[in-house]
Amino acid sequence: EEWRLISAEDAAVVTHARNFRFRTPVVAPIGPSSTRATKTQCVRIYGSHGMVIETVTHLEDIPFSDCFNVEDRFVLTPVAGGLKLHISLEMRWIKNTMWKRTIETKNTMWKRTIETK
């Protein structure tokens, strides 16, 4: 889907969003080798101050996928001589499961923050 304008009421902040579907590989001890996924992205542009891109990804074919989404956030801010990029990744729990601790332990890569200049 193409980006659509969500908000431009304040000239200093412009918001766009889009949804798209895709198939992605899965590396897990159980479940399929790939899964269908739906991604919802929202980008907010703060003029010359930077931008924030937030994404919610729902994986459809893996066990217990109805219990969580994967969320990421990219924050770009201008700094002297370039841009600063801050990336946050997280599994957001929608409902509880007795397998929550196991899923979190096996997927520690989803809980991290990265910064670079």
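As the structure is a prediction and not an experimental result, all values here were calculated from the model.

1. Notes on the confidence of the model for the chain
Then, in step 1: This prediction gives the chain a mean pLDDT of 85; 87% of its residues lie at or above 70.
Then, in step 2: For the chain, strand β7 (residues 112-116) is the element with the lowest average pLDDT, namely 56, and strand β4 (residues 51-59) is the one with the highest, namely 95.

2. Considerations on the pattern of salt bridges
Then, in step 1: The final tally for this structure, using the stated rule, is eight salt bridges.
Then, in step 2: Here Glu 54 and Arg 73 are joined by a salt bridge, their closest N and O atoms 3.2 Å apart. In this pair, Glu 54 sits in strand β4 while Arg 73 sits in strand β5 (residues 68-79), placing the two residues 19 residues apart along the sequence.
Then, in step 3: We classify Glu 54 as partly exposed; its relative accessible area is 27%.
Then, in step 4: With relative accessibility at 39%, the residue Arg 73 sits in the partly exposed group.
Then, in step 5: With a closest N to O distance of 3.3 Å, Glu 71 and Arg 92 form a salt bridge. With a gap of 21 residues between them, Glu 71 in strand β5 and Arg 92 in strand β6 (residues 82-93) connect regions that are remote in the sequence.

Definitions and cut-offs
- Residues numbered from 1 in each chain as written.
- Predicted model: local features only at pLDDT ≥ 70, side-chain atom pairs only at ≥ 80, totals over all residues.
- Heavy atoms only, no water.
- pLDDT = per-residue confidence, 0-100.
- Helix = DSSP H or I, 4+ residues; strand = E, 2+ residues; numbered from the N terminus.
- Salt bridge = Lys/Arg side-chain N within 4 Å of Asp/Glu carboxyl O.
- Buried < 20%, exposed > 50% of the residue type's maximum accessible area, 1.4 Å probe, protein only.

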